[in-house]
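Observations on the three-dimensional arrangement
Chain by chain, the residues run as shown.
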Amino acid sequence: MKIGFALPQFHRQAFDIARTATFASAIEEAGGASLWVGDRNLAAVRPVVGYGGRGTTIPEELNPAADPFVLLGVAAASTSRVLLGSHVLIAPLYPPVQLARSLTTIDLISGGRLLPGFGIGWSPEEYRAAGLDFTRRGARMDELLDVLDAIWTSDPARYEGDQLSVPEHHSPLKPARQPRPPFYLGALSERALRRVARRGDGWLPLMVVPSYVDVDGLLAQRSFLDELPGRTAATPGPSTRCCG
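Small disclaimer: the values here were computed from a predicted structure and weren't measured.

1. A word on the sheet that holds strand β10 (residues 202–204)
Pairing in this open sheet of 4 strands is parallel, and the strands run β4-β6-β9-β10 from one edge to the other. In the strand order of this sheet, the two ends are held by β4 (89–90) and β10, each with one partner.

2. Brief notes about the pairing of strand β7 (residues 157–160)
In β7, alternate side chains face the same way, and those of Ala157 and Tyr159 are buried while those of Arg158 and Glu160 on the opposite face are not. Bridge count for β7 against strand β8 (residues 165–169) is 3 bridges, and the pairing is antiparallel. Note on β8: the bridge partner recorded for tyrosine 159 is valine 166. As consecutive antiparallel partners, β7 and β8 are separated by 4 residues.

3. A closer look at the nonpolar core
Residues Leu7, Leu35, Leu99, Leu103 and Phe118 are the most contacted members of the largest nonpolar core, which totals 50 residues. Tallying contributions element by element places helix α5 (residues 137–153) first for this core, with 7 residues. When residues no more than four places from it in sequence are discounted, the contact partners of leucine 103 are Phe69, Leu89, Leu114, Pro116, Phe118 and Trp152. Counting residues in hydrophobic clusters, the runner-up holds 5 residues, among them Trp36, Leu115, Tyr184 and Leu204.

4. Side note on the side chain of aspartate 107
Tracing the chain through its elements places aspartate 107 in helix α3 (residues 96–110). No salt bridge is formed by the buried aspartate 107; its nearest oppositely charged neighbour, arginine 177, is found at 5.0 Å. Apart from the residues within four sequence positions on either side, aspartate 107 is in contact with Gly112, Arg113, Leu114, Pro175, Ala176, Arg177 and Pro181.

5. Considering the sheet that holds strand β2 (residues 34–37)
Sheets are built from strands that pair by backbone hydrogen bonding, the pairs being arranged parallel or antiparallel. Reading across the sheet, the 4 strands line up as β1-β2-β3-β5 and stay open at both edges, with parallel pairing between neighbours. Here the strands that pair on one side only, and so sit at the sheet edges, are β1 (4–6) and β5 (114–115). Across 4 bridges, the pairing between β2 and strand β3 (residues 83–86) is parallel. When the sheet's bridge partners are listed, serine 34 is paired in β3 with leucine 83.

6. Some thoughts on α3
Counted at 1.5 Å a residue, the expected span for α3 with its 15 residues is 21 Å, and the 21 Å between its end C-alpha atoms agrees. Taken together, the buried positions of α3 are occupied by Pro96, Leu99, Ala100, Leu103, Thr104, Ile106, Asp107 and Ser110. What you see down the axis of α3 is that its buried residues fit within an arc of 165 degrees, all on one side.

7. What to know about the pattern of salt bridges
Pairing between side chains becomes possible if they bear opposite charge and their charged atoms approach one another. Applying the stated criterion across every chain yields a total of 9 salt bridges. Residue aspartate 142 is joined to arginine 198 by a salt bridge in which the shortest nitrogen-to-oxygen separation is 3.2 Å. Separated by 56 residues along the polypeptide, aspartate 142 in helix α5 and arginine 198 in helix α6 (residues 190–199) bring together distant segments of the chain. Aspartate 142 gets classed as buried once you look at its relative accessible area, which sits at 18%. The structure contains a network of salt bridges with shared partners spanning Asp142, Arg195 and Arg198.

8. Notes on unusual backbone geometry
For the bond running from aspartate 155 to proline 156, omega is 0 degrees, close enough to zero to count as cis. For proline 156, the position within the fold is in the loop between α5 and β7. Omega for the peptide link from glutamine 178 to proline 179 comes to 5 degrees, which places this bond in the cis form. With respect to the helices, strands and loops of the structure, proline 179 is situated in the loop between β8 and β9 (184–186). Positive phi outside glycine occurs at histidine 11, with the angle close to 55 degrees. Mapped onto the elements, histidine 11 comes out in the loop between β1 and α1 (20–29). Judged by relative accessible area, histidine 11 falls into the partly exposed class, the value being 24%.

Cut-offs used in this document
- Residues numbered from 1 in each chain as written.
- Predicted model: local features only at pLDDT ≥ 70, side-chain atom pairs only at ≥ 80, totals over all residues.
- Heavy atoms only, no water.
- Pairing = 2+ DSSP bridges.
- Helix = DSSP H or I, 4+ residues; strand = E, 2+ residues; numbered from the N terminus.
- Buried < 20%, exposed > 50% of the residue type's maximum accessible area, 1.4 Å probe, protein only.
- Core = buried A, V, L, I, M, F, W, Y, C linked by side-chain atoms within 4.5 Å.
- Contact = heavy atoms within 4.5 Å.
- Lys, Arg positive; Asp, Glu negative; His and termini not counted.
- Salt bridge = Lys/Arg side-chain N within 4 Å of Asp/Glu carboxyl O.
- Expected span 1.5 Å × (residues − 1).
- Arc of directions from axis to C-beta.

Below, the structure written as structure tokens:
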């Protein structure tokens, strides 16, 4: 069994991120297989939609949140073996060129150990803060994957879509992993699982321990995914989130 650990990022750990390098190297020395970050751009005071798309509250543990890209960069520079993943980055919130540049940099620093996991999120307030339409986040995700693929595999690179447009530009700096880092996608709903089968190189399932464990639901999702045409070939990364 391979065990992954979350980097110090949320709640009380967010105030101790100066020790990220020490934490990352200690996990690697102890035999950990991977280090992970999540993503929380903001936790609304009066959310329209609650945590994970349920209810109307967000756990106070998510109020403080450190930057996932910086944490992955620190971990990349202080380790040599562990995989470095995101479970998940709310990818549609980020400008595509800047997202590609940040992930490319992390992958190069780590020597190709990046496992970029993406999701569309559940917080309307996060999209409002970014000036984006929450209702079109799925379509934006689809185009974002196309943009990343173009930037990571071609030079010059360009993209023109309904929601995203990137002018032709020089793109010689590529990730260490070729032809590109894999697209791992988080998914719970039927629509999101269909996106995994259609676009993903792997699936990032979710089981929150100890507050939410639904093994039967997880197996049902996997069964549904296996039956879809063009299904993903792998389920990389941990199926549970561990906190160090």
